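Residue strings, one per chain:
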Amino acid sequence: MSANNNKGTYYITTPIYYPSSDLHIGHTYCTVMADAMARFKRLQGYDVRFQTGTDEHGQKIQKKAEANGVTPQAYVDDVVSRILKLWETMEISYDDFVRTTEPRHTKRVQEIFMKMYEKGDIYKSQYEGLYCTDCEAFWTESQLVDGKCPDCGRAVEPAHEEAYFFKLSKYGDKLLKLYDERPEFLEPESRRNEMRAFINQGLEDLCISRTSFDWGIPVPIDEKHVIYVWLDALSNYITTLGYPDDKAEYNKYWPADVHLVGKEIVRFHSIIWPAMLMSMDEPLPKQVLGHGWLLIDGGKMSKSKGNVVSPEEIINKYGADTARLFILFAAPPEKELEWSDQGVEGSYRFINRVYRLVSEFIEKYGTDIDTSKIEAVTDEDKQLNYVLNSTISRVTEDTNGRFNFNTDISAIMELINELYKYKELNRLNKELYAFAIEKAVIILSPFAPHLCEELWEALGHEGSIGDEPWPSFDESALIKSTVEIVIQVNGKLKTKMDIPGDFGREEMEKLVSESDEIKEIIADKNILKIIAVPGRLINIVVK
């Protein structure tokens, strides 16, 4: 963890995963995204809290345990041990791993139940309807798709039992107002529109207890009931902070900066969870970000479909950084990510390319190079310095508050290409070259931490790369001495020309009347309008 945590706090969470069986590569999507952001924020100087974990109660777990002849606790202990090993292999830098069977969580969930009950938002009644065991979700007949669960497509079962209910219907208007007043609360916009439509259909009160199985947290006022999974699971984001009995950490880190979740559980996080917090009169998280699915052959990766990819297979063949890089590079978070063997192999080649570049640099120049004072003298120096600073600027901007890791990695790839071109020069500035390589390794480290930690040590540094500050960029280096712009007439390309890199609109418009080359192009035509885009083009509208 970075020691430079002077920018305030940053609290990021993943969903807590259901340990009914081993995780597949699709489960790593959300966790790797959260880890990359946590690493980026630590390098920037934030006091980061990154939380993940496992959601260990429910009917499905109980049935799985019975089928295997073990207790539910023994069953989840076995699966969770492998999840922890996977996260260690993938270098997931979580600060807290919560298990919903832990006493620190269970007793606080009971206290949360009582707060909502005493508010008058929980009551006992009879549940009669349809239930999806796999999703731990209740549905009405009208919500089914082709008679199946609308989330997972599996069969639902009739359910009839006494239950406690949360008055979710009470909060529909407040939730719609939340989306209107704070649209950034739920991103991307497509998920927000889906939730608006769901609420406008009419919210029903939520069943929050079960009596047909006993693997869960007992309802404190009626112990023949166990608390239903979503009130149990969603509370993890604050129970680990000590809420409601020991609120020092809660007061420090809450509200969360972002709950990062797959789109299939956006409804629970953007409707049920904020309604629970409203019931408790507590602040809402700053954002829920619902990312797309990891697809294979056009469909969602799913254990039930048998189309899953084992993360261990990828890691054993290519390494954890390759798996991370593919996941982060293949698509922006609002889009679906299509699994591609070619994409994985491309990520592997890039990892090796970075390793070769740094290894060859160390072999040729060593590690004892003073980079405290660098100067870009030649045109090639200035070009490398420009690409370096523009990459740092772009990655910083793209990652601040957003998860555009695909464009970040693309920019870093361009920087590596520039470094490869620079190293082929007969004479180069080794101080600038060393400086650029070190900065490239730092900005790549949130995405490929194992590689970059190894390279950082090889470059002669004793401390962890995670303790380094995020590189700043030189604004003056972003202005090229000359840039090539396009000259258009009525939108059609006529020529290209080099102009000073710091020319603004006024200078570019003046160029139209002063340049003999442009005068010749437009001849005696009447100029109606000049459209100048600094650094890119001049479009002359003539008649």
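So, how was this worked out
Residues numbered from 1 in each chain as written. Predicted model: local features only at pLDDT ≥ 70, side-chain atom pairs only at ≥ 80, totals over all residues. Heavy atoms only, no water. Buried < 20%, exposed > 50% of the residue type's maximum accessible area, 1.4 Å probe, protein only. Helix = DSSP H or I, 4+ residues; strand = E, 2+ residues; numbered from the N terminus. Arc of directions from axis to C-beta. Contact = heavy atoms within 4.5 Å. Phe/Tyr/Trp six-rings, centres within 6.5 Å; stacked < 30°, edge-to-face > 60°. Lys NZ or Arg CZ within 6 Å of the ring centre and 35° of its normal. Pairing = 2+ DSSP bridges. Axes fitted to C-alpha atoms, helices over the stretch in contact; angles between N-to-C directions. Parallel < 35°, antiparallel > 145°, perpendicular 65-115°, else oblique. Nonpolar A, V, L, I, M, F, W, Y, C, P; charged D, E, K, R; others polar. Salt bridge = Lys/Arg side-chain N within 4 Å of Asp/Glu carboxyl O. Patch = residues over 30% accessible without salt bridge, like charges linked within 9 Å, V, L, I, M, F, W, Y side chains within 5 Å. Areas by Shrake-Rupley, 256 points an atom, 1.4 Å probe, with all protein chains shown as cover. Lys, Arg positive; Asp, Glu negative; His and termini not counted. Charge placed at Lys NZ, Arg CZ, Asp CG, Glu CD. Core = buried A, V, L, I, M, F, W, Y, C linked by side-chain atoms within 4.5 Å.

Draft legend 1. Highlighting helix 11 (residues 311-318). Within the sequence span of helix 11, burial applies to P311, I314, I315 and Y318. Projection of helix 11 onto a plane perpendicular to its axis shows the buried side chains occupying an angular sector of 95°, all on one side. Exposed side of helix 11, more than 90 degrees from the buried face: E313, N316 and K317 are the residues found there. Residues of helix 11 that are buried sit in contact with helix 1 (25-44), helix 3 (72-89), helix 12 (320-329) and helix 13 (341-365). G319 sits one or two residues past helix 11 and shows a positive phi near 100°.

Draft legend 2. Molecular detail of the packing of aromatic side chains. Summed over all chains, the structure comprises 24 aromatic pairs. On the numbers, 5.1 Å between centres and 90° between planes, the contact of F361 with Y433 is edge-to-face. Remark: Y433 occurs in helix 16 (residues 430-444) and F361 occurs in helix 13; sequence separation between them is 72 residues. For Y433, a relative accessible area of 2% gives the class buried. Through a chain of ring-to-ring contacts, three or more aromatic side chains come together here, namely Y11, Y237, Y243, Y250, Y253, W254 and W273. The positively charged end of R210 is found above the aromatic ring belonging to Y131, 4.2 Å away from the centroid. Over the aromatic face of Y420 sits the side chain of R353, whose NZ or CZ is 4.2 Å from the ring centroid.

Draft legend 3. Structural view of the sheet that holds strand 4 (residues 122-132). Taken together, the four strands give an open sheet; going across it, the order is 5-4-6-8, and neighbouring strands pair in antiparallel fashion. Two strands bound the open sheet, and with one partner strand each, they are strand 5 (137-139) and strand 8 (206-207). Seen against the sheet, helix 10 (residues 266-279) touches strand 5, strand 6 (157-166) and strand 8 and runs at an angle of roughly 30° to strand 6.

Draft legend 4. Summary view of the sheet that holds strand 17 (residues 482-489). Read across the sheet, four strands follow the order 18-17-20-19 without closing on themselves; strand pairing throughout is mixed. Each having just a single partner strand, strand 18 (492-500) and strand 19 (527-533) make up the two edges of the open sheet. Strand-to-strand twist across the sheet, computed as the mean angle between neighbouring axes with direction ignored, equals 20°. Sheet strands touched by helix 18 (residues 505-514): strand 17, strand 18, strand 19 and strand 20 (537-542). Its angle to strand 19, the strand with the most contacts, is close to 140°.

Draft legend 5. Spotlight on the environment of L528. On the secondary structure map, L528 appears in strand 19. Spatially, the C-alpha atom of L528 lies 5.3 Å from that of V542, the residues being 14 residues apart in sequence. When near neighbours in sequence (up to four residues on either side) are disregarded, L528 contacts V541, V542 and K543.

Draft legend 6. Spatial organisation of the environment of E336. Mapped onto the elements of the fold, E336 is located in the loop between helix 12 and strand 16 (337-338). Taking the C-alpha atoms as reference points, E336 and T396, separated by 60 residues in sequence, lie 24 Å from one another. Ignoring sequence-local partners within four residues, the contact set of E336 consists of K263, G292, W293, L295 and A331.

Draft legend 7. Inspection of the packing of helix 13 against helix 17 (residues 449-458) at higher detail. Here helix 13 crosses helix 17 at 5°, and the two axes come no closer than 11 Å. On the basis of the axis angle, helix 13 is roughly parallel to helix 17. In this structure, helix 13 contributes I351, V354, Y355, V358 and I362 to the contact, and helix 17 contributes L451, E454, L455 and A458. Residue composition of the contact of helix 13 with helix 17, grouped by class: eight nonpolar, no polar and one charged.

Draft legend 8. How the structure looks around the pattern of salt bridges. Applying the stated rule across the entire model yields 29 salt bridges. A salt bridge links R82 to D22; the shortest N-O distance between them is 2.7 Å. One end of the pair, R82, is in helix 3; the other, D22, is in the loop between strand 1 (9-17) and helix 1, with 60 residues separating them in the sequence. Here R82 falls in the partly exposed class, since its relative accessible area comes to 34%. Measuring nitrogen to oxygen at the nearest pair gives 3.0 Å for the salt bridge that ties K252 to D47. Remark: D47 occurs in strand 2 (residues 47-54) and K252 occurs in helix 9 (residues 248-253); sequence separation between them is 205 residues. For D47, a relative accessible area of 11% gives the class buried. The structure contains a network of salt bridges with shared partners spanning R49, D96, E102 and R104.

Draft legend 9. Layout of the pairing of strand 19. Where strand 19 lies against strand 20, six bridges are found, and the strand directions are antiparallel. What sits directly across from I530, in strand 20, is I540. Hairpin geometry of strand 19 and strand 20 is characterised by an intervening segment of three residues between the two adjacent antiparallel strands and by a positive phi of about 80° at G535.

Draft legend 10. Main features of a negative patch on the surface. A cluster of like negative charges, contributed by E453, E454, E457 and D467, occupies part of the molecular surface. Along the chain, the position of D467 falls in the loop between helix 17 and strand 17. Among the residues examined, D467 registers a relative accessible area of 34% and is labelled partly exposed.

Draft legend 11. Highlighting the nonpolar core. Core analysis: the biggest nonpolar cluster contains 92 residues, and I12, W87, F403, I416, L419, L444 and F447 have the highest contact counts within it. Examining the composition of this core, we find that eleven residues originate from one element, helix 1, more than from any other. Among the nonpolar cores identified, the runner-up in size contains 71 residues, and F166, Y171, Y228 and M280 belong to it.

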